[in-house]
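As a plain string of letters, each chain reads:
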Amino acid sequence: MSEKPSFVYTIYIHATPEQVWQGLTDPEFTRVYWMQEHVSDWQVGSRWELKFPGEDGKIHNVGEILESDKPHRLSYSWALTDDEGKPERTSKVLFEIEPQDWPGGPWVSVKLSHTELEPGSDMLMSISFGWPALLSGLKTLLERPDLMGFTP
């Protein structure tokens, strides 16, 4: 049996852990840089959904909150949904948010680990460019919200 591939990416953001947490979990924020909303109460065992904004928003991904240690660690299962909205091909996402003691702070490192992926899958290919783009969007949103037309 072969091991399933993982994707790991770290970015540094001029923000507090609390601001990063809000950027990852608040639909008002995720709507700006994802163009989709993360919907959950972020409690362990709760459902998580990634959907387009609005009443008729289609759900693209679903999962369950696996770990929620605000504002330091957040983990959830990630399942793509089929045309009927049913989950398939589950993987796992983990964010580790660590304050950095650097001049001109506050600074944090945000380490993303997306694991339990299927070898050669479309998901593995898409997250390899998708996660860096999304986390760059989060960085810009938190450091320069004016560039994204956002007022927190």
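The rules behind each value
Residue positions are given per chain, counted from 1 along the sequence in the order it is written. Totals for whole chains, interfaces and linings use all residues, but because this is a predicted model, local features are given only for residues with pLDDT of at least 70 and pairs of side-chain atoms are given and counted only at 80 or more. As a rule here, side-chain values cover all heavy atoms of the structure and leave hydrogens and water aside. Criterion for a salt bridge: a side-chain nitrogen of Lys or Arg within 4 Å of a carboxyl oxygen of Asp or Glu. Strands are runs of DSSP state E lasting at least two residues, helices are runs of H or I lasting at least four, and both sets are numbered from the N terminus onward. Partly exposed describes any residue whose relative accessible area lies between the buried limit of under 20% and the exposed limit of over 50%, with all areas from a 1.4 Å probe on protein chains only and scaled to the type maximum. Each cavity reported here is a set of points on a 1 Å grid over the protein atoms alone in which a 1.4 Å probe fits but cannot get out, each pocket an open set with protein on both sides within 12 Å along at least five of seven lines, and each lining residue one with an atom within 4 Å of a point. Grid points are joined across faces, edges and corners, and a volume is the space filled by probe spheres set on the points. Residue classes follow a fixed rule: Ala, Val, Leu, Ile, Met, Phe, Trp, Tyr, Cys and Pro count as nonpolar, while Asp, Glu, Lys and Arg count as charged, and any other residue, Gly among them, counts as polar. Two strands qualify as a pair provided that DSSP identifies no fewer than 2 bridges between them. Nonpolar cores are built from buried Ala, Val, Leu, Ile, Met, Phe, Trp, Tyr and Cys residues. Side-chain atoms within 4.5 Å join them into one set. Contact between two residues is taken to exist if any of their heavy atoms lie within 4.5 Å; hydrogens are not considered.

Draft legend 1. Focus on the pattern of salt bridges. A complete count under the given rule lists eight salt bridges for this structure. The salt bridge involving K4 is made with E118; its shortest N-O contact spans 2.7 Å. With K4 in the segment before β1 (7-13) and E118 in the loop between β7 (107-115) and α3 (122-143), this pair connects stretches of sequence that are 114 residues apart. Look at K4 and you get partly exposed, because its relative accessible area is 36%. Ionic pairing is found between E49 and R47, a salt bridge with its closest N-O pair at 2.7 Å.

Draft legend 2. Here's a closer look at the layout of surface pockets. Here the largest pocket is characterised by a volume of approximately 360 Å³. L50, H60, N61, W78 and L80 are the residues nearest the centre of the largest pocket, which is lined by 20 residues in total. The dominant element in the lining of the largest pocket, judged by the number of residues it contributes, is α3, at seven residues. For the lining of the largest pocket, the per-class residue count stands at ten nonpolar, seven polar and three charged.

Draft legend 3. Just the pairing of strand β4 (residues 59-69), in detail. As judged from the five bridges shared by strand β3 (residues 47-51) and β4, these two strands associate in the antiparallel manner. Within β4, the position partnered with W48 by the bridge is G63. As judged from the six bridges shared by β4 and strand β5 (residues 73-81), these two strands associate in the antiparallel manner. Opposite E67, over in β5, you have S75 as the bridge partner. Linking two consecutive strands that pair antiparallel, namely β4 and β5, is a turn of three residues.

Draft legend 4. The nonpolar core, seen in detail. In terms of nonpolar packing, the biggest core is built from 35 residues, with I13, V20, Y76, W78, F95, W131 and L138 touching the most fellow members. Counting only elements with at least two residues in this core, the list comes to β1, α1 (17-25), α2 (27-33), β3, β5, β6 (87-100), β7 and α3. It is α3 that contributes the most residues to this core, nine residues altogether. Residues within four places of Y76 in sequence aside, it is in contact with H38, W42, W48, E64, I65, L66, S91, K92, V93, F95 and W131.

Draft legend 5. Up close: empty space enclosed by the protein. Tallied over the full model, the rule gives one cavity of 30 Å³ or more. Roughly 70 Å³ of internal volume is contained in the largest cavity. In terms of residues, the lining of the largest cavity owes the most to one element, β6, which gives three residues. A class-by-class count of the residues in the lining of the largest cavity yields three nonpolar, three polar and three charged.

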